[in-house]
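# Fold and geometry: a report
Single-letter residue listing:
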4 protein chains.
Amino acid sequence: MTQGGVEGAMTRAKEGAMTGTMAIAAHLFSVPAYEQEAQAVLPPAIWAYLSGGAMSETTLGANRESWERLQLVPRRLQALTGGHTRLELWGKTYEHPIWLAPVAHQQLFHAEAELASAQGAGATQTPMLVSSFANRRLEDIAAHSSAPLWFQLYWQGSRAASLALIRRAESAGYQAIVLTVDAPHMGIRDRERASGFQLAADCLAVNLEYSPIRPVPEPGRHPLFDGLFALAPVWEDVVWLKSQTSLPVVLKGILHPADAQQAVQLGVDGLIVSNHGGRVMDGCITPMDALPALRAVTPELYPLFLDSGIRRGSEVVKALALGATAVMVGRPYVYGLAVAGALGVAHVVQLLREELEVTMGQCGCASLQAVRQLTVLD
Amino acid sequence: MTQGGVEGAMTRAKEGAMTGTMAIAAHLFSVPAYEQEAQAVLPPAIWAYLSGGAMSETTLGANRESWERLQLVPRRLQALTGGHTRLELWGKTYEHPIWLAPVAHQQLFHAEAELASAQGAGATQTPMLVSSFANRRLEDIAAHSSAPLWFQLYWQGSRAASLALIRRAESAGYQAIVLTVDAPHMGIRDRERASGFQLAADCLAVNLEYSPIRPVPEPGRHPLFDGLFALAPVWEDVVWLKSQTSLPVVLKGILHPADAQQAVQLGVDGLIVSNHGGRVMDGCITPMDALPALRAVTPELYPLFLDSGIRRGSEVVKALALGATAVMVGRPYVYGLAVAGALGVAHVVQLLREELEVTMGQCGCASLQAVRQLTVLD
Amino acid sequence: MTQGGVEGAMTRAKEGAMTGTMAIAAHLFSVPAYEQEAQAVLPPAIWAYLSGGAMSETTLGANRESWERLQLVPRRLQALTGGHTRLELWGKTYEHPIWLAPVAHQQLFHAEAELASAQGAGATQTPMLVSSFANRRLEDIAAHSSAPLWFQLYWQGSRAASLALIRRAESAGYQAIVLTVDAPHMGIRDRERASGFQLAADCLAVNLEYSPIRPVPEPGRHPLFDGLFALAPVWEDVVWLKSQTSLPVVLKGILHPADAQQAVQLGVDGLIVSNHGGRVMDGCITPMDALPALRAVTPELYPLFLDSGIRRGSEVVKALALGATAVMVGRPYVYGLAVAGALGVAHVVQLLREELEVTMGQCGCASLQAVRQLTVLD
Amino acid sequence: MTQGGVEGAMTRAKEGAMTGTMAIAAHLFSVPAYEQEAQAVLPPAIWAYLSGGAMSETTLGANRESWERLQLVPRRLQALTGGHTRLELWGKTYEHPIWLAPVAHQQLFHAEAELASAQGAGATQTPMLVSSFANRRLEDIAAHSSAPLWFQLYWQGSRAASLALIRRAESAGYQAIVLTVDAPHMGIRDRERASGFQLAADCLAVNLEYSPIRPVPEPGRHPLFDGLFALAPVWEDVVWLKSQTSLPVVLKGILHPADAQQAVQLGVDGLIVSNHGGRVMDGCITPMDALPALRAVTPELYPLFLDSGIRRGSEVVKALALGATAVMVGRPYVYGLAVAGALGVAHVVQLLREELEVTMGQCGCASLQAVRQLTVLD
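Residues numbered from 1 in each chain as written. Chains lettered and ligands numbered in written order. Predicted model: local features only at pLDDT ≥ 70, side-chain atom pairs only at ≥ 80, totals over all residues. Heavy atoms only, no water.

Often, the extent of an interface is quoted as the loss of accessible area on bringing the components together. Facing the 41 residues of chain D at the interface are 36 residues of chain C. Summing both partners gives a buried area of about 3,200 Å² for chain D against chain C, and 62% of it is carried by carbon and sulfur. Counting the surface chain D buries against chain C, the share from its top three residues, Met55, Phe225 and Met281 of chain D, is 20%. For the interface between chain D and chain C, the tally reads 2 salt bridges. The salt bridge partner of Asp190 of chain D is Arg312 of chain C, with a shortest N-O separation of 2.7 Å. The interface formed by chain D and chain C contains 15 residue pairs in polar contact (both at pLDDT 80 or more). Per-element accounting of the side of chain D that touches chain C gives the leading share, 3 residues, to helix α8 (residues 190–195) of chain D. Each residue belonging to the side of chain D that touches chain C can be placed in one class, and the counts come to 23 nonpolar, 10 polar and 8 charged. (Contact = heavy atoms within 4.5 Å. Buried area = accessible area lost by both parts, 1.4 Å probe. Salt bridge = Lys/Arg side-chain N within 4 Å of Asp/Glu carboxyl O. Polar contact = N/O pair within 3.5 Å; in protein donor to acceptor, adjacent residues only side chain to side chain. Helix = DSSP H or I, 4+ residues; strand = E, 2+ residues; numbered from the N terminus. Nonpolar A, V, L, I, M, F, W, Y, C, P; charged D, E, K, R; others polar.)

Written out as structure tokens, the structure is:
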């Protein structure tokens, strides 16, 4: 499917949504509907991998509950004409604040993998964060999409290996480097283990120099602290990273105000407030609960992206009212990818955006700046 | 069925309720019982339309939960003789504080549509708010009812079109104009969409000059902000509206204290604290949670009506104890309408009123003024 | 069954409970177990009458939830030898603080009706409050029991009719008069109505001069406020009542601190903090939530009895730690009555008392005075 | 099975967990998984005894809920190399802070009883607290294990009988005396009673001089307060105990800050904050809720062990962040014992330890000292 094809299909689908005819099944009118459909089309083990969370999944559940319990206090009778959802960031304009979070191994969900997601992103003018664990080459993804792309970097255990990836991302036109800092260990996911999930042999992290095997420490040293954990980045690596690239550098996974302050002091360009969708650590604070304190200790317009648990456009309004610059969604667009490839990705973004716009209008907000002035009750 | 007939039937039903014989099924002794019966008699898609709420229905659920979690602290050993449920408003006396909220397209629920509801209202001396989307002519509804009628106005996109409706309402004897301000978009209702609900071809908004189609903005402009949302009223329209009619003007859907203050300053005569029964916006504050702050910023006896989620007379007591002047119910009387037409509407009002009176007595309150002094704990 | 017989059976049952043999079914080891058994042996409509609550039963549920959510902070390593559960009240000593609340129409549950309950009370040295709606004569009940009896008075609509009952109670040796003040209307109980419950023709309030029919007010007057509610007592009646009897006068149903203060000022001898087991008013504060404020405004040792929702001896500890003088149970002993008559009543009291004593020991308390010093967290 | 055998099996199992082959069933990857398996392999009455709690099990449930509702606020980008889980206590070093709580009658769960548990403890360098109600001789248990052993003392009703046990423990090399102070009565466990659970005749408390029968007080004295409760220790016994042994003395079951302060003043060496796993008293504060206040009134490094409700390594992190020195688990290792004997015990400890280490890394903690600085939200 060409990109123009996706855009054309999206235009038709969008018009369809307004006139009663749609290119895709009429019952797919929300992220929860896509979620149900994705569960039906994916093999059970892949579904367990996609939908599951760490250990007892208390954080997975808390992420959802946190957004659902918030209440917005709408304003009335405001002028809405001329309204829009645009935002400015680092000198660029983005059409809307619902972006695609990095998701690994998208070949699990659709044969076109990240290429399809990037096409869907392009069709909806949606920035996409491409994972280090993509199954397609960074350069190919960039070539298939008109979307702004950011590169998500898992620290490669050394500065040299990390830098090689950064240089490729820069050359391919990626517009920011996002260092994930919340996953020295990828998480203990019970549901996934119970399902017997295994990565298929042809599901390769094609952008990485080496297989991500677990390192074996020297005898007498600790298998985790001196093994896997020793490959994780530290603050000094962030300083080094800033010195190596002129692209904006963003940290993904910051939740503690002191870490946010340190990042600002080191010149980090933005933060993604995230608990990795509840996939990595169980018992972790939710981004919703963390956000107000982070906004309180960072400069007024400092970029704070919110990731984890958003399933509705109304929840995007809540996140922005709490102080987020924009939000990122992960599983939602993968549901779309699994169900309908690039078109599904684009449709999911469009659905969330429509929910966002409708909720903005219902709250009397003609701009994201107005949204940020809304009162929200916990 | 003539109005006298309804009143007679109500009198017989009411006597029946006290002596053991009833004109209608004995198990219909509460709003929840009517709700269950209505679900049984209505086609599934119409039931989904009636009972469903916006998106994930978190606000629909929160509305109910908010009333159920409140606790009244009753007073004892008060003189109850001579007690009543009357209230004075704008020089008129009303028998009780349980009024009928505007509900569109009542032909969906009963062949006699708004005529039946108005008959039931008349039989129980209950003010009824007639929707802009009524399926019967304003004038015919007024002719069929002895109830006080208020006209609910959806802004018609222009002052001229809106004024035409107001003039008709004035001529037909409607006693107040209620401008709905919470629905620049009517809401994204998943349950309703999943049901395949469609308005039948003969279910017409007979009072409106034009079909309420979605306007198409000029190319390059935003389909919602410069389309549908551009038809919504703004504060200047409220000022204009006040200048055009000598009837009291009420705003329906105010939830933010600043909006309440502005309404008071502009001379608006009363407010309906409502989130539209959870049908329009998901993630919205409940009227119960909003009411105390609105009462705090408005004059002592300023009319604040409470709408959304009330299903019991005991909850009417809670609403008044929190500061409401009167409450409005929507779905409850439509359940009655669906089950038994005018008689059902009247019976539902009567049941709620009996629950109100019994709870007042149990709380030591012989008047609504006493109710407003009650302590209520959240 | 003679009283001695019940006492003997109780002694055997109690010894059985400690040695492994019991006179009654071994699985009846708690109030919840008796509750399940009572549901099995009673006709469904009588079960609905017994177990149901007002309207949506939110208060019925809140009563239970309130006790379950409290947490006691136990003390350790205290001397327990010589411990007991005795309390002094108005110059008399009572063996334990778990008393029998007034329950109407006990013939519904057992052929021996109040006589059996009074026997069970006597066998366990448990004060029993006898309802105005007893199906056995006050004098006969007194003759069948060695328990301290209090007379529960529903105001009889006039001072003369009320006084006649009081005089009979005094003559029969009742030791206190308990005026119920929370039921100008007996409550709207949906579950009971749905069950089709009707009092059997031979289930008579044999102590009352007239049938408790609903009075019909004069035309044009309010059917409730000028009818049933006009029969309810007022504060002046309390003053009169105090002047007519030398017995202690207790008010049942006080929940508001201001009412408690007024009662103290009028010389009322004690209060039962109760919401009538959630049977009368839905949406009412729970006694647990009300108790601390009532204790705060009454003299230190002023008798405050706690009624509604207690199902465990551990919850008796919680109630006393919050400030109660003693507790009353209603449905629990009726479960015992329904299952095994007098023996069942005695066994239920014994089970609760054992749970109380065990919990006292676990909290380091050798007396009820020590219990009242315990810390309890909400 | 020899100890070396268990250690070898554990090493193989541990390597297996990392390479994809395991000596035990692959689905046993968490305590909840072991719990489910244990229920499948144990007779229902023994399962009821093991898993059940006091009365209505509200405290049993609250224990779990308390840990699940806490949220950790992780730190990022910290150096993890060289990290470990060691702690120092009374001059000794322990490898990790997940210890084995005392559990009675382990023959119920596995033929090798406490010998197997002690082997599993030894294989994982885990301190084990041996119950007074062990089914194997203290000396034999010590001979079968390389683990540090502490002796849990139920007061034997007299100082002489208690001292005899202490002397045996000292001689056998036990390293601390743990006096349980929360069980003057062992609890009223409904689920256990409903199951018909009885100790088998050959399930003997082989270390005790006499059968733990219920003492019969003199006639006229209270069966509990002057009977069983009279055998419980008091503060003076603690003073005496400290004077009799040079081993550290620990009190198990302290929950009130005033008791903690008294213990510190009397020279008690440490406290186990525990509600006995919800088995003894229903309606008791959870250790999680109690811990912060106890930490606040005790010296900074005073040993406070946390017992009750821990099922995940992430919850160990929470407990230490709240102020615990180490945690103890009871039922979890018994699940392992029931499923796979010594190997199961060792595997359960290993699973919890891996979860602990992974969560530490995810929180940026390379030591338990760092864990104790973490922010945790309730």
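From this point, things continue past the structure.
Another point: the relation of the copies chain D and chain C. The operation relating chain D to chain C is a screw motion whose rotation component is 90 degrees, with 0.0 Å of axial translation and a residual RMSD of 0.0 Å. Taken together, the turn and the small shift mark the pair as related by a four-fold rotation axis. In terms of proximity to the rotation axis, the leading residue of chain D is Asp378 of chain D, whose C-alpha is 10 Å off the axis. (Least-squares fit on C-alpha atoms with pLDDT ≥ 70 in both.)

Right, let's talk about the arrangement of the chains for a bit. Here chain A and chain C are not in contact; the least distance found between their C-alpha atoms is 21 Å. Separated throughout, chain B and chain D approach each other most closely at a C-alpha pair spaced 21 Å apart.

Another aspect to go through is the environment of Trp47 of chain D. Residue and element names in this part refer to chain D. Relative to the helices and strands, Trp47 resides in helix α3 (residues 44–51). Here Trp47 falls in the buried class, since its relative accessible area comes to 9%. For the pair Trp47 and Glu192, spaced 145 residues apart in sequence, the C-alpha to C-alpha distance is 8.5 Å. Leaving out residues up to four positions away in the same chain, Trp47 has contacts with Glu35, Ala38, Gln39, Leu42, Gly52, Arg191 and Tyr335. (Buried < 20%, exposed > 50% of the residue type's maximum accessible area, 1.4 Å probe, protein only.)

Attention shifts here to the pattern of salt bridges. All names here are of chain D. Going through the model one piece at a time under the given rule, you end up with 76 salt bridges over all chains. Salt-bridge contacts for Arg64 lead to Glu68; the nearest nitrogen and oxygen are separated by 3.0 Å. With Arg64 and Glu68 both in helix α4 (residues 58–69) and 4 residues apart, the pair spans about one turn of that helix. Among the salt bridges present, the one from Glu315 reaches Arg64, with a minimum N-O distance of 2.9 Å. One end of the pair, Glu315, is in helix α12 (residues 313–321); the other, Arg64, is in helix α4, and 251 residues separate them in sequence.

Looking now at the interface of chain B and chain A. In this assembly, 41 residues from chain B lie in contact with 36 residues from chain A. Between chain B and chain A, a total of about 3,200 Å² is buried, with carbon and sulfur atoms accounting for 62% of that surface. Of all residues in chain B, Met55, Phe225 and Met281 of chain B bury the most surface against chain A, accounting for 20% of the area lost on that side. Our enumeration of links across chain B and chain A arrives at 15 residue pairs in polar contact (both at pLDDT 80 or more). Counting only elements with at least two residues in the side of chain B that touches chain A, the list comes to α4 (58–69), α8 (190–195), α9 (235–244) and α10 (257–265) of chain B. Broken down by element, the side of chain B that touches chain A gets its largest block of residues, 3 residues, from α8 of chain B. Taken together, the residues that form the side of chain B that touches chain A break down as 23 nonpolar, 10 polar and 8 charged.

What follows covers the side chain of Asp307 of chain C. All names here are of chain C. Relative to the helices and strands, Asp307 resides in strand β10 (residues 304–307). The buried charged residue Asp307 lacks any salt bridge partner; its closest oppositely charged side chain belongs to Lys252, at an N-O distance of 4.4 Å. At 3.1 Å, the side chain of Asp307 and the side chain of Ser308 are in polar contact. Excluding anything up to four places from it in sequence, Asp307 contacts Ala101, Lys252, Ile272, Val273, Ser274, Asn275, His276, Gly277, Pro287 and Met328. (Lys, Arg positive; Asp, Glu negative; His and termini not counted.)

Let us look at the environment of Leu28 of chain D. All names here are of chain D. Turning to its location among the elements, Leu28 is positioned in the loop between α1 (3–19) and α2 (31–41). In the structure, Leu28 is positioned 311 residues away from Val339 in sequence and 9.7 Å away in space, judged by C-alpha atoms. In this structure Leu28 touches Ala33, Tyr34, Glu37, Val339, His347 and Leu351, once residues within four positions along its chain are discounted.

Turning next to the packing of aromatic side chains. This structure, assessed with the given rule, holds 48 aromatic pairs over all chains. Here the aromatic rings of Tyr49 of chain B and Phe197 of chain B are separated by 4.4 Å at their centres, their planes lie at 15 degrees, and the arrangement is stacked. One end of the pair, Tyr49 of chain B, is in helix α3 (residues 44–51); the other, Phe197 of chain B, is in the loop between α8 and α9, and 148 residues separate them in sequence. Using a relative accessible area of 13% as the deciding quantity, one classes Phe197 of chain B as buried. With a centroid separation of 5.8 Å and 35 degrees between ring planes, the pair formed by Trp47 of chain C and Tyr335 of chain C is classed as tilted. With Trp47 of chain C in helix α3 (residues 44–51) and Tyr335 of chain C in helix α13 (residues 331–362), this residue pair connects regions lying 288 residues apart in the sequence. Tyr335 of chain C shares its class with Trp47 of chain C; the two are buried. Put simply, the rings of Trp90, Tyr94, Trp99, Trp150 and Phe305 of chain A pair up and form one aromatic cluster. Geometry around Tyr49 of chain A places Arg279 of chain A over its ring, the cationic atom sitting 4.9 Å from the centre. (Phe/Tyr/Trp six-rings, centres within 6.5 Å; stacked < 30°, edge-to-face > 60°. Lys NZ or Arg CZ within 6 Å of the ring centre and 35° of its normal.)

Another aspect to go through is the confidence of the model for chain A. Residue and element names in this part refer to chain A. Mean pLDDT for chain A: 93, with 92% of residues reaching 70 or above. Here residues 15–22 scores under 50 on pLDDT; set against residues more than four positions off or in separate chains, the count is 7 contacts. The complex prediction reports pTM at 0.94, with the ipTM value standing at 0.94. (pLDDT = per-residue confidence, 0-100.)

In this section: the pairing of strand β9 (residues 270–274) of chain D. Residues and elements named next belong to chain D. For β9, the buried fraction is high: 5 of the 5 residues fall into the buried class. Residues Gly270, Ile272 and Ser274 line one face of β9 and the alternating positions Leu271 and Val273 line the opposite face, and both faces are buried. Sheet topology note: the strand β8 (residues 249–252)/β9 ladder contains 3 bridges and is parallel. Along β9, the bridge assignment pairs Lys252 with Ile272. In this fold, the crossover linking β8 to β9 by way of helix α10 (residues 257–265) has right-handed handedness. The sheet contact formed by β9 and strand β10 (residues 304–307) spans 4 bridges and is parallel. Within the sheet, the bridge partner assigned to Ile272 lies in β10 and is Phe305. Taking the sense of rotation as the criterion, the β-α-β connection linking β9, helix α11 (residues 287–297) and β10 turns out right-handed. (Pairing = 2+ DSSP bridges. Right-handed = clockwise from strand over helix to strand, strands pointing away.)

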